[in-house]
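Descriptive structure summary
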Number of protein chains: 2
Amino acid sequence: MEQRDIKEVVDNLNFLAEARDEIMIKNILVDLHPADIADLFHHINENSRDYIFNLLNADLASDVMAELDESARDDLIEELDENRLSEIVDEMDSDDATDLLSDLPKDIAKKVLDRIDVKDSQEVKELLRHDEDTAGGIMAKEYIAVHQDSTVDEAIQEVRKKAEEVEDVFNLYVTDEMNNLVGILSLKDLILAKAHRKVSEIMKRDIISVKTSLDQEKVANIAKKYDLVSIPVINEVGKLVGRITFDDLADVMEEEASEDIQIMAGITEEEEIRETSPFRIMRVRLPWLLVGFIGELISAYVLKKFELSLNQIIAAAFFIPIIMAMGGNAGIQASTTMVRGMATGEINMLFFNKRILREFFVSLFTGFILGLLILLTIVLWLNNMNFGLIIALALMVVIVNASLVGVIVPVILKRFNIDPAIATGPFITTSNDVLGLFIYLMLITLFLPYF
Amino acid sequence: MEQRDIKEVVDNLNFLAEARDEIMIKNILVDLHPADIADLFHHINENSRDYIFNLLNADLASDVMAELDESARDDLIEELDENRLSEIVDEMDSDDATDLLSDLPKDIAKKVLDRIDVKDSQEVKELLRHDEDTAGGIMAKEYIAVHQDSTVDEAIQEVRKKAEEVEDVFNLYVTDEMNNLVGILSLKDLILAKAHRKVSEIMKRDIISVKTSLDQEKVANIAKKYDLVSIPVINEVGKLVGRITFDDLADVMEEEASEDIQIMAGITEEEEIRETSPFRIMRVRLPWLLVGFIGELISAYVLKKFELSLNQIIAAAFFIPIIMAMGGNAGIQASTTMVRGMATGEINMLFFNKRILREFFVSLFTGFILGLLILLTIVLWLNNMNFGLIIALALMVVIVNASLVGVIVPVILKRFNIDPAIATGPFITTSNDVLGLFIYLMLITLFLPYF
């Protein structure tokens, strides 16, 4: 659906919901993909949304629910009774159901689990045990597994049996009698094989699988590196327990990129892009602003310490912004490349020394060029060579320092198990500001007699 | 392959290549996935790399080539003669071959095209006509299409016929006699259908396809929204011309996210994370540093204009960093959410007024809180209530202003067809610095008599 159409349909739906025009609403929704309905739900009034959602049958309602932003989903759920909620959860894939139930208050989740199909309930309970950011937390129980001694014909029967439960089938997982994963068979190879052949004869034996405890970002990196459409999940002893498909991995990739981008911008936790409450937005943005605030109070303190120098040469104050900005920008450039490479797995920490050296040279050349430019500016503008030389030197030192901080801090953070992306945000800017100003004012004060 | 293993294998390969130990090298490589070999190639010496690459047969060489970073790939290609290059290109999928050929000098590309298989050559020539950032630029010619009147059995024969050419098959595209795309049939449905049934009876008719000219980021957003494992590409008149698969879309998503993150950090074009040349790194980083540099020279000029005020109340200089940093941080937060939402398609421009209003309230509350804090600090530290009130007011105005600039600028840029991500980087920080300082110093000067 095009963006311009959405606005029109939203206005329409708001109007029809107001008028309680059930038939017309259903007429509009019948042709829409669940993802499009979810999209509309992000924009229509809350009252209309609750009303319209109740018109959907459980199957469609569960598909729409799975596509909603978390805040919109939570608002919607609050209005549902346990019967309706159980109906909807019953229709969901195990991973979506788990996702939803883990967000519900414990007592309600328990009631829902008691009402849904026993097998589904067991699966969800199993999935709920895993950390939500791991392979176990994002995997689904919907997959097709066949025994290695099965024939191709039997495997096709198994696909038929599970056709309704498992919507997207790309590969069959092949197991031994102990449920150990021993091979993979693509649907294409299954189609092309003779009916009486054994699965073990035609399956691929070099399997790429992940353990339940593996971090979801690493799972996504593995799938991306090897171009896997789905990835089987095994437990600690090698038994097949689940499957993660490309669409969930795309969600992980987008989520992790958004998270890095947000942290880079100094937004804690996750600000949902469609979040509507100013207070909730403020809550995720204020913490890093406060960190920056405190950091810059230290800058103010440093400046006050050098009040005498500033009083003697007020021109030194003119160049505070350029020193701060250049240190900040160079630091962010260095740290961003580092953090992004660590996230995508492109940077191998074992070659870290080379990276530091490279960054040192980059910042040295950059500092030299910008230093020359500021020298030129000051000579032409303020006609003061010595002052220009000091500012140029300070700029260069600040840029080299900020770049090295930018490349080293993410590594240190990672070693302490802190998200390195933090290093690309206000944290590094602020610490570079304080450090940069200190270096700058020290140099000014040191060379004051020569101005 | 684990990161720690890579280092060991790299050292090994360097040593073996030096010793020209072909057999041992082949022994090491035989068990590795092409993506792992590419990974090693990013770290081994250039000489070793050229030597080892020549040991690979054309099939493996083409797989490895397709997985390499662009700069590593270009270095490698320089050492190949046209015969070998043609052999390798001949083994590639049409999209990878196109990608590679578009980077070659025109005359060499032509020679290669003349040497490869005629059908492949025609396909690549067709693909080369599309802009590389569009659906046409990333699609491949490897897909399976069947006529709507075919039977299931005939469709399976077609899969068999194309099995070698099309490695991953998820869906069959169904066309009419004019090659118009009229339906889609999943491999799963094909397996489950009776052999004599007609394809048109079991295919899905509501198809989501994209046109060749659609921007690749939009293609990725569509595939992600509707959870599509592959997406058929049609030309302007609806004829089926190609297919884009999930793995290429994952590349697009990662590429676009990296690009946004880099632009946010003030890195132009694309800095490859594994880039080794300090000069090439500097070339992509320096432009925005220069923009920041010039911007902050304006800041220096503004400060000089207010030299008198600064001389009278030197304490005003102490708070330059906090004014700059808070404006910068708040602006980046606002613009980042905006830019990210525009990139993922979550923000609908038709509801833009609401967003501005929301951002206004967020920044007003935030400014108020931080204003109170700075007032408190100044009263306690410098014991000057009036001065504190002015700084607090200035901080609040600067934060509100920076936030509004942050939310509005991306939209303006987009309207002029400029990548809105630019608004999250040094551009917005710098302009907020200049504007913020000006507001700050104006207010200081205005209220100077009351200090």
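Parameters at a glance
Residues numbered from 1 in each chain as written. Chains lettered and ligands numbered in written order. Predicted model: local features only at pLDDT ≥ 70, side-chain atom pairs only at ≥ 80, totals over all residues. Heavy atoms only, no water. Domains from an automatic or database assignment. Contact = heavy atoms within 4.5 Å. Salt bridge = Lys/Arg side-chain N within 4 Å of Asp/Glu carboxyl O. Nonpolar A, V, L, I, M, F, W, Y, C, P; charged D, E, K, R; others polar. Buried area = accessible area lost by both parts, 1.4 Å probe. Helix = DSSP H or I, 4+ residues; strand = E, 2+ residues; numbered from the N terminus. Buried < 20%, exposed > 50% of the residue type's maximum accessible area, 1.4 Å probe, protein only. Lys, Arg positive; Asp, Glu negative; His and termini not counted. Polar contact = N/O pair within 3.5 Å; in protein donor to acceptor, adjacent residues only side chain to side chain.

1. Here's the deal with the domain arrangement of chain A
Residues and elements named next belong to chain A. Annotation of chain A at the domain level lists domain 1 (3-133), domain 2 (145-261) and domain 3 (278-450). The straight-line distance from the C-alpha centre of domain 1 to that of domain 2 is 28 Å. Each partner contributes residues to the interface: domain 1 has seven residues there, and domain 2 has seven residues. Where domain 1 meets domain 2, there are one salt bridge. Put simply, Glu165 and Lys119 hold a salt bridge, and the shortest N to O gap is 3.6 Å. Looking at the side of domain 1 that touches domain 2, its residues break down into no nonpolar, one polar and six charged.

2. Thoughts on the interface of chain B and chain A
How large an interface is tends to be reported as the accessible area lost when its parts come together. Each partner contributes residues to the interface: chain B has 116 residues there, and chain A has 116 residues. Summing both sides of the interface, chain B and chain A together bury roughly 10,800 Å²; the carbon and sulfur share of this comes to 69%. Here chain B and chain A share ten salt bridges between them. Across the pair B:Asp39 and A:Lys225 runs a salt bridge, and its minimum N-O distance is 3.1 Å. A per-element tally of the side of chain B that touches chain A places helix H17 (residues 278-305) of chain B first, with 17 residues. The residue inventory of the side of chain B that touches chain A, partitioned by class, reads 68 nonpolar, 19 polar and 29 charged.

3. As for the side chain of B:Asp95
Mapped onto the elements of the fold, B:Asp95 is located in helix H8 (residues 94-103). Among buried charged residues, B:Asp95 stands out as having no salt bridge; its nearest opposite-charge side chain is B:Arg243, 8.1 Å away.

4. A few points about the side chain of A:Thr98
Residues and elements named next belong to chain A. Within the secondary structure, Thr98 sits in helix H8 (residues 94-101). A relative accessible area of 5% places Thr98 in the buried class. A polar side-chain atom of Thr98 sits 2.6 Å from the main-chain carbonyl oxygen of Ser94. When neighbours within four sequence positions are excluded, Thr98 is seen to be in contact with Val124, Leu127 and Leu128.

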